[in-house]
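Chains, contacts and geometry: an overview
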Amino acid sequence: MFKHWRSDVEAVLTRDPAARTALEVILCYPSFRAVRRHRRAHWLWTHNMKLLARIVSQRTRRITGIEIHPGAQIGKGLFIDHGMGVVIGETTQIGDDVTLYQGVTLGGTGKDVGKRHPTIGNNVVIGAGARVLGPFTVGDGVKIGASAVVLKEVPPYATVVGNPGRIVRQAGKKPANADLDQVNLPDPVKERIESLTRRVEQMEKCLQRRIPQECEDCQQECCDDCLKNRKEEQKDEDL
């Protein structure tokens, strides 16, 4: 119950630039209070005092706005930034040095019994409002973007964005056509819409040049969306 006290304080001091002293963390941070009270509730839960554990858990929820089921297993150094609206389900397992932002849900997808919540690896960062739902594993070093909805297993050292969650970076490498940095995460849906918009605009220009001689003089016939080129490609395929 008390063995992670120091690591819980250091997690806040290390990852929150607003935290100045250990005393401030202990007295003023609801996330620290929620984690410490959860460790107490979890001890009660594992020692077959489940009603008392639920009472401690629900009281913590009212005080901090963070709901952690007493059955959840949490490693050392968990940091919940702000924390309002965070929900952690009963069979969730969280590794060491994990960071959760406000509004994160680590939940299930139905009324299944047994293991129904995710297993979070070490050094994982989950952005504000993200949802991780189901009994799968999120590997070590994973970064999940804000408001992402993750419904399947994530390999180690990957970055996930979107709804449903898509892997846009893995093991330090970017997949083709992905643009990623520490601040701006790629939006695959937006990129697809922009690509379709450009294609429609080009097709509208081509439709205005349907007179043969105008197509012959067009300076854009080398573009990917040229109607003339597409007709020639179609003829080749027919042959």
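In this report, the structure presented in the accompanying data block is examined. (Residues numbered from 1 in each chain as written. Predicted model: local features only at pLDDT ≥ 70, side-chain atom pairs only at ≥ 80, totals over all residues. Heavy atoms only, no water.)

A look at the sheet that holds strand β3 (residues 79–80)
Pairing within the open sheet is mixed, and its 6 strands lie in the order β3-β6-β9-β12-β14-β15. For this open sheet the edge positions go to β3 and β15 (166–170), each flanked by a neighbour on one side alone. Across 4 bridges, the pairing between strand β14 (residues 158–161) and β15 is antiparallel. Bridge assignment links Val160 to a residue of β15, and that residue is Ile167. (Pairing = 2+ DSSP bridges. Helix = DSSP H or I, 4+ residues; strand = E, 2+ residues; numbered from the N terminus.)

Some points on the pattern of salt bridges
Applying the stated criterion to the full structure yields 7 salt bridges. Ionic pairing is found between Glu24 and Arg20, a salt bridge with its closest N-O pair at 3.3 Å. Relative accessible area serves as the criterion here: at 65%, Arg20 is assigned to the exposed category. Its salt-bridge partner being Arg61, residue Glu67 comes within 2.8 Å of it at the nearest N-O pair. Three or more residues joined by partner-sharing salt bridges are found here, namely Asp8, Arg36 and Arg39. (Salt bridge = Lys/Arg side-chain N within 4 Å of Asp/Glu carboxyl O. Buried < 20%, exposed > 50% of the residue type's maximum accessible area, 1.4 Å probe, protein only.)

Overview of the nonpolar core
In terms of nonpolar packing, the biggest core is built from 29 residues, with Leu100, Leu106, Ile120, Ile126, Val132, Val138 and Ile144 touching the most fellow members. Among the secondary structure elements, those contributing two or more residues to this core are α3 (30–46) and β14. Filtering out sequence-adjacent residues up to four positions away, Ile120 remains in contact with Gln93, Ile94, Gly95, Val98, Leu106, Ile126, Val132 and Val138. Counting residues in each nonpolar core, the second largest holds 8 residues, with Ala19, Val25, Phe32 and Phe79 among its members. (Core = buried A, V, L, I, M, F, W, Y, C linked by side-chain atoms within 4.5 Å. Contact = heavy atoms within 4.5 Å.)

Description of the sheet that holds strand β5 (residues 93–94)
Here 4 strands make up an open sheet; going across it, the order is β2-β5-β8-β11 and the pairing parallel. The sheet is open, and its two borders are formed by β2 (73–74) and β11 (137–138), each paired with just one other strand. Across 2 bridges, the pairing between β5 and strand β8 (residues 119–120) is parallel. Note that in β8 the partner of Gln93 across the bridge is Thr119.

Some remarks on unusual backbone geometry
Here Asn163 and Pro164 are connected by a cis peptide whose omega angle stands at -5°. Within the secondary structure layout, Pro164 lies in the loop between β14 and β15. If you check the backbone angles, Tyr157 has positive phi at about 60° while not being a glycine. Mapped onto the elements of the fold, Tyr157 is located in the loop between β13 (149–150) and β14. For Tyr157, a relative accessible area of 53% translates into the label exposed.

Concerning the packing of α3 against helix α4 (residues 50–64)
Axis separation between α3 and α4 bottoms out at 8 Å; the angle between their running directions is 170°. With respect to α4, the axis of α3 lies roughly antiparallel. Each of Pro30, Arg33, Ala34, Arg37, Ala41, Leu44 and Trp45 in α3 lies in contact with α4, whose residues at this interface are Lys50, Leu52, Ala53, Arg54, Val56, Ser57, Arg59, Thr60, Ile63 and Thr64. Among the residues making up the contact of α3 with α4, the classes are represented as 9 nonpolar, 3 polar and 5 charged. (Axes fitted to C-alpha atoms, helices over the stretch in contact; angles between N-to-C directions. Parallel < 35°, antiparallel > 145°, perpendicular 65-115°, else oblique. Nonpolar A, V, L, I, M, F, W, Y, C, P; charged D, E, K, R; others polar.)

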